[in-house]
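Below, each chain spelled out in residue letters.
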Amino acid sequence: MTSVEMTKGAASHRVLVVGAGYVGLTSAVCFAHLGHDVVCVEANPDRLAPLLEGRSPIHEPGLEELMAEGASSGRLQFAQGVAGTGMSGVEVALLAVGTPPDENGDPDLTQLAAAAREVSAHAVRDLVVVVKSTVPPGSCEAIELVCADAAPEGVRISVVSSPEFLRESRAVEDFLAPDRVVVGAADPEVAELVADLYPAGVPLVKTDRRGAELIKYAANAFLAVKISFANEVAALCESLGTEASTVLLGVGLDQRIGKDFLRPGPGYGGSCLPKDVSGFQALGRAMGTPTRVVAAAEEVNDEASRAALMKLEMGLGGVAGKLVALLGLAFKPGTDDSRDSPALRLAELLIASGARVRAYDPLARVDAFAGERTADAMEAIDGAEALVVATAWDEFSALSAEAVAERLGGRIVLDAAGALDLESWAEAGLVVYGIGRGAPVAFHPVVWPPLRWAHQRDSLALFQDDEVAAG
Ligand code: UGA
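The shown structure was predicted, so the numbers you read here are calculated from the model rather than taken from an experiment. (Residues numbered from 1 in each chain as written. Predicted model: local features only at pLDDT ≥ 70, side-chain atom pairs only at ≥ 80, totals over all residues. Heavy atoms only, no water.)

### Section: the packing of aromatic side chains
Aromatic rings in a pair are described by how distant their centres are and how their planes are angled relative to each other.
Working step 1: Following the criterion strictly, the structure yields four aromatic pairs and no others.
Working step 2: Consider the rings of Phe31 and Tyr198, whose centres lie 5.9 Å apart with planes at 55°: the pair is tilted. Taken together, the positions of Phe31 in helix α1 (residues 22-33) and Tyr198 in the loop between α7 (188-195) and β9 (203-207) put the pair 167 residues apart, joining distant regions of the chain.
Working step 3: The interplanar angle of 70° and the centroid separation of 6.0 Å between the aromatic rings of Tyr360 and Phe396 together place this pair among those described as edge-to-face. Here Phe396 lies in helix α14 (residues 394-397) and Tyr360 lies in strand β11 (residues 356-360), a separation of 36 residues in the sequence. Taken as a pair, Tyr360 and Phe396 share a single burial class, namely buried.
Working step 4: These aromatic residues form a ring-pair network of at least three members: Phe31, Phe175 and Tyr198. (Phe/Tyr/Trp six-rings, centres within 6.5 Å; stacked < 30°, edge-to-face > 60°. Helix = DSSP H or I, 4+ residues; strand = E, 2+ residues; numbered from the N terminus. Buried < 20%, exposed > 50% of the residue type's maximum accessible area, 1.4 Å probe, protein only.)

Below is the structure:
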């Protein structure tokens, strides 16, 4: 039975971490900070090279500081392969390699199976393999078979699911002070050992492996549902001429609902939510259990960038041939990651509709971008016919509306990310469209049916108090 208790944070272990992406590197660095002895293995030489020089290949606040701490304490090392890392004392191996979607949208577990095989083949004593990567329920059991096949005679490998819930741009903070730790294991002693790796005093959910694997999918799918719901409420607010931020605050302050992840915008993106939303649905199809709520959330998300484009089309009278300044390419502020970025989706839609896009982002790494990129925001804005803010970076919120009004060729501003103070921008003479607020709206007659009904009942008594009270 599932039980909830607190982590004890008791023991210090020798830990091997395979994969130095957001999850693997953050886990390795934070485990060393917590007092474990950690070797982090990264096969990609481009990613490994900066790590060996003490630099992080990803932008993540606080990470390099903790890397330096790990290097000076001697508790954190990096290597290219498991061979030669000295597995003799290693009791726990964490697998945090990528599980990208294949051509059907199902997660490709090839890298995970290869990592499981590699650590098992080098094990010299019984080993606990912890799967941190997001995988469909049932995967850990399958991985255990791969491990058993690769392990030397007499060595027992137990595979445990312990998904990670950290957010990019707050990875260290989320790792060291998580809302919960989830451990899914077949053996209670093994579950205990894994739970003891984490910081003390965190609510611990112990369950079976399929349960732990499903918790990760269901959590990300629910976050996507909240965001898409917020986007639907925002669209209603625009039609009604009211403020989505206040409406959603009024909704979210109900503790049963919660105010986080109710921020409307150009849709959710990144390397996790979109992938896990499709993975959750694939799981439902495979089990014959439809996941209709999540399917609807995905549909709303697919519409979000088109809805933003429509606003700009309306404001500009068509975007074809227009020069549009785009501020933001990263999938959210605080990260250099632009995988499945809503800002990029919007840029692509603009370009496909014939606009010329000149973009600026302070950090985003973008492999292929069909628009132009500038070195600062004002350079992108200079002479453009419209401005779109697509990622809510602080530096965009801090822009002076007057300075922008002076440099922008046209007057139209679309704040698709909810980054600007629309009133002061309007005061500077700009025509600003927001998401769920500030759009120049007409009071659409759709809100009047109750009065029409009253009128049909008794046209003379239309606004009489007793009639309203009788409702
Ligand atoms: C997400 C989850 O939040 C983490 O808990 C999880 O561990 C991680 O995926 C993962 O599976 O590894 P992340 O992808 O880093 O983390 O980013 P989020 O902060 O969740 O943002 C996802 C997207 O939703 C972004 O595009 C963001 O702008 C958008 N968002 C977020 C909104 O549009 N509205 C909101 O209110 C919140």
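### Regarding the sheet that holds strand β14 (residues 412-415)
Working step 1: Read from one edge to the other, the open sheet built from six strands follows the order β12-β11-β10-β13-β14-β15, with strand pairing classed as parallel. Bordering the open sheet on either side are β12 (372-373) and β15 (431-433), each of which pairs with just one other strand.
Working step 2: Relative to β12, β11 is paired through two bridges, and the arrangement is parallel. Bridged to Arg358 within β12 is Glu372.
Working step 3: Across the sheet, helix α11 (residues 292-316) touches β10 (323-327), β13 (386-389), β14 and β15, and the angle it forms with β14 is around 170°. (Pairing = 2+ DSSP bridges. Contact = heavy atoms within 4.5 Å. Axes fitted to C-alpha atoms, helices over the stretch in contact; angles between N-to-C directions.)

### Brief notes about the pattern of salt bridges
Working step 1: One pass over the structure, following the stated rule, counts 19 salt bridges.
Working step 2: With a closest N to O distance of 3.0 Å, Glu144 and Arg209 form a salt bridge. Of this pair, Glu144 sits in helix α5 (residues 139-150) while Arg209 sits in helix α8 (residues 209-240), and the two are 65 residues apart along the sequence.
Working step 3: Glu144 gets classed as partly exposed once you look at its relative accessible area, which sits at 24%.
Working step 4: Using a relative accessible area of 11% as the deciding quantity, one classes Arg209 as buried.
Working step 5: Across the salt bridge formed by Asp276 and Lys275, the nearest N and O atoms sit 3.1 Å from each other. The same class applies to Asp276 and to Lys275, which are both buried.
Working step 6: Several salt bridges converge on common partners, so that one network encompasses Glu5, Lys8, Glu192 and Lys206. (Salt bridge = Lys/Arg side-chain N within 4 Å of Asp/Glu carboxyl O.)

### Overview of unusual backbone geometry
Working step 1: One non-glycine residue, Ser169, lies in positive phi territory at about 85°.
Working step 2: Looking at where Ser169 falls in the secondary structure, it is placed in the loop between β7 (157-161) and α6 (171-176).
Working step 3: Phi is positive for Asp340, which is not a glycine, with a value near 45°.
Working step 4: For Asp340, the location among the structural elements is in the loop between β10 and α12 (342-352).

### So, the domain arrangement of the protein chain
Working step 1: Domain assignment breaks the protein chain into domain 1 (3-207), domain 2 (217-298) and domain 3 (304-433).
Working step 2: With centres defined by C-alpha atoms, the gap from domain 1 to domain 2 works out at 29 Å.
Working step 3: Counting residues at the interface gives twelve residues for domain 1, matched by eight residues for domain 2.
Working step 4: Summed over both partners, the interface of domain 1 with domain 2 comes to about 710 Å²; 62% of that surface belongs to carbon and sulfur atoms.
Working step 5: Counting across the domain 1 and domain 2 interface gives zero salt bridges.
Working step 6: Our count for the contact surface shared by domain 1 and domain 2 stands at one residue pair in polar contact (both at pLDDT 80 or more).
Working step 7: The residue makeup of the side of domain 1 that touches domain 2, split by class, is six nonpolar, three polar and three charged. (Domains from an automatic or database assignment. Buried area = accessible area lost by both parts, 1.4 Å probe. Polar contact = N/O pair within 3.5 Å; in protein donor to acceptor, adjacent residues only side chain to side chain. Nonpolar A, V, L, I, M, F, W, Y, C, P; charged D, E, K, R; others polar.)

### Some points on the packing of α5 against α8
Working step 1: Orientation of α5 relative to α8, taken along the N-to-C sense of each, is 125°, at an axis distance of 8 Å. In terms of orientation, α5 and α8 fall into the oblique class. On the side of α5, the interface is formed by Ser139, Cys140, Glu141 and Glu144, while α8 contributes Arg209, Arg210 and Glu213.
Working step 2: In the contact of α5 with α8, the residues fall into one nonpolar, one polar and five charged. (Parallel < 35°, antiparallel > 145°, perpendicular 65-115°, else oblique.)

### Thoughts on the site of the ligand
Working step 1: Residues in close proximity to the ligand total 19 residues, the closest being Phe165, Leu166, Glu168, Lys216 and Asn220.
Working step 2: The separation between an oxygen atom of the ligand and a polar main-chain atom of Glu164 is 3.4 Å.
Working step 3: Contact distances for the ligand include 2.7 Å between an oxygen atom and a backbone N or O atom of Leu166.
Working step 4: Its free accessible area being 720 Å², the ligand has 92% of it covered by the protein chains.
Working step 5: With four residues, α8 is the largest single contributor of residues to the shell around the ligand. (Near = heavy atom within 4 Å. Areas by Shrake-Rupley, 256 points an atom, 1.4 Å probe, with all protein chains shown as cover.)

### Side note on the nonpolar core
Working step 1: Core analysis: the biggest nonpolar cluster contains 62 residues, and Leu312, Leu327, Ile381, Leu387, Val404 and Trp425 have the highest contact counts within it.
Working step 2: Two domains each donate at least three residues to this core, and these are domain 2 (217-298) and domain 3 (304-433).
Working step 3: Every residue in contact with Trp425, bar those within four places of it in the chain, is listed here: Leu387, Phe396, Leu399, Ala401, Val404, Val413, Leu420, Leu430 and Val432.
Working step 4: In this structure, Ala32, Met67, Leu94 and Tyr198 belong to the second largest nonpolar core, which totals 40 residues. (Core = buried A, V, L, I, M, F, W, Y, C linked by side-chain atoms within 4.5 Å.)

### Describing the environment of Leu193
Working step 1: Assignment of secondary structure puts Leu193 in helix α7.
Working step 2: For the pair Leu193 and Ala10, spaced 183 residues apart in sequence, the C-alpha to C-alpha distance is 9.2 Å.
Working step 3: Leave out the neighbours within four places in its chain, and Leu193 touches His13, Glu91, Val92 and Val128.

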